[in-house]
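Architecture and fold: a report
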Amino acid sequence: MVQDTRAARHKAVQLTFPPEISCDPLVCHLVRDFDLTFNILQAQITPRKEGYLTLELIGAEDNVRNAVRYLKDQGVKVTGMEQHVRRDDVLCMHCGACTALCPAGALRVDADSRLIVFAAERCTACGQCVRICPVRAMLLDVEQGTL
Ligand code: SF4
Ligand code: SF4
């Protein structure tokens, strides 16, 4: 099924896998059983085989909630994270590539200056501009938040 990522919820979570389940393919179930897509923001396995994975889950609100419950039932510690997107104004070369993608209207061309304006208060931190920006001027920060 093709997912409408503009309407979907974007929720960042940090997953902590105890050693005994750190190699289980639990994340595959998020796609197959809960109709979610995801982006891996960070991944790490410690020498003691404990796994840490920070994911951006994308999907319907109920599916995200049910997937989180599923992961907890499997013994995964799930911590809510908050995403924030900011722009490095020095790096931005005002190419405009990001403006067509932004579903929130947070990036637009100023009619007078022709420069790209970033309205952070409108940004939903979906990350689409972060992936498209050729000079990595759009930056995604992830910090601990609520589920
Ligand atoms: S794609 Fe990057 S460089 Fe181009 S206008 Fe957007 S933020 Fe600036
Ligand atoms: S992350 Fe980028 S594309 Fe997404 S809403 Fe914010 S400015 Fe727009």
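Given the structure is predicted, the values throughout are model-derived calculations rather than measurements. (Residues numbered from 1 in each chain as written. Chains lettered and ligands numbered in written order. Predicted model: local features only at pLDDT ≥ 70, side-chain atom pairs only at ≥ 80, totals over all residues. Heavy atoms only, no water.)

A few points about the confidence of the model for the protein
For clarity, the threshold we go by: For every residue, the predictor reports its confidence as pLDDT, a number between 0 and 100. Working definition: helices are DSSP H or I runs of at least four residues, strands are E runs of at least two. Numbering for both runs from the N terminus.
Residues of the protein with pLDDT of at least 70 account for 95%, and the chain-wide mean is 90. Put simply, strand β2 (residues 37–45) is where the protein has its lowest mean pLDDT, 87, and strand β6 (residues 116–118) is where it has its highest, 98.

Section: the site of ligand 1
Basically, it comes down to this: Here, proximity means that at least one heavy atom of the residue falls within 4 Å of the molecule or strand. Under the grouping applied here, Gly and all other residues not named as nonpolar or charged are polar, the nonpolar ones being Ala, Val, Leu, Ile, Met, Phe, Trp, Tyr, Cys and Pro and the charged ones Asp, Glu, Lys and Arg.
Residues in close proximity to ligand 1 include C92, M93, H94, C95, G96, A97, C98, I116, C133, P134, V135 and M138, which together make up its full environment. The class makeup of the residues in the shell around ligand 1 is ten nonpolar, two polar and no charged.

Some remarks on the domain arrangement of the protein
To be explicit about the condition: For the purposes of this description, domain bounds are those given by an automatic or database domain assignment. Between two residues, a contact is recorded if the distance between any of their heavy atoms is within 4.5 Å. As used here, buried area is the combined drop in accessible area, with a 1.4 Å probe, of two parts when they are placed together. What counts as a salt bridge is simple: a side-chain nitrogen of Lys or Arg found within 4 Å of a carboxyl oxygen of Asp or Glu. Side-chain atoms alone can form a polar contact between residues adjacent in sequence; in general such a contact is a pair of N or O atoms within 3.5 Å, and within protein one must be able to donate a hydrogen while the other accepts it.
Each assigned domain of the protein is listed with its residue range as follows: domain 1 (9–82) and domain 2 (83–141). Using only C-alpha atoms to locate each centre, domain 1 and domain 2 end up separated by 28 Å. On the domain 2 side, the residues contacting the eight residues of domain 1 number seven residues. Summed over both partners, the interface of domain 1 with domain 2 buries about 510 Å², with 47% contributed by carbon and sulfur atoms. Of all residues in domain 1, H10, E56 and E82 bury the most surface against domain 2, accounting for 69% of the area lost on that side. Along the contact surface separating domain 1 from domain 2 lie one salt bridge. Its salt-bridge partner being E56, residue R131 comes within 4.0 Å of it at the nearest N-O pair. There are one residue pair in polar contact (both at pLDDT 80 or more) connecting domain 1 and domain 2. For the side of domain 1 that touches domain 2, the leading source of residues is strand β1 (residues 9–17), giving three residues. Counted by class, the side of domain 1 that touches domain 2 contains three nonpolar, two polar and three charged residues.

With respect to the side chain of T16
The criterion, for reference: Partly exposed describes any residue whose relative accessible area lies between the buried limit of under 20% and the exposed limit of over 50%, with all areas from a 1.4 Å probe on protein chains only and scaled to the type maximum.
If you trace the backbone, T16 turns up in strand β1. What makes T16 buried here is its relative accessible area of 11%.

Considerations on the packing of aromatic side chains
Applied cut-off: When two rings of Phe, Tyr or Trp (its six-membered ring) have centres within 6.5 Å they constitute a pair, described as stacked for plane angles under 30 degrees, edge-to-face for angles over 60, and tilted for the intermediate range.
Using the criterion set out here, one finds one aromatic pair in the structure. Their ring planes at 45 degrees and their centres at 5.5 Å tell us that F34 and Y70 sit as a pair that is tilted. A residue pair is termed long-range when its members are at least 10 positions apart, and F34 in the loop between α1 (26–32) and β2 and Y70 in helix α2 (residues 61–73) qualify at 36 residues. Look at F34 and you get buried, because its relative accessible area is 15%.

Observations regarding the pattern of salt bridges
Opposite charge on two side chains permits them to pair, given that their charged atoms come into close proximity. The full count for this structure, using the stated rule, is seven salt bridges. Here R87 makes a salt bridge to D89, at a shortest N to O gap of 2.8 Å. By relative accessible area, D89 is classed as exposed at 55%.

Re the site of ligand 2
Around ligand 2, a shell composed of 13 residues is seen, among which C102, C123, C126, G127 and C129 lie nearest. When the residues that make up the shell around ligand 2 are grouped by side-chain class, the tally is eleven nonpolar, two polar and no charged.

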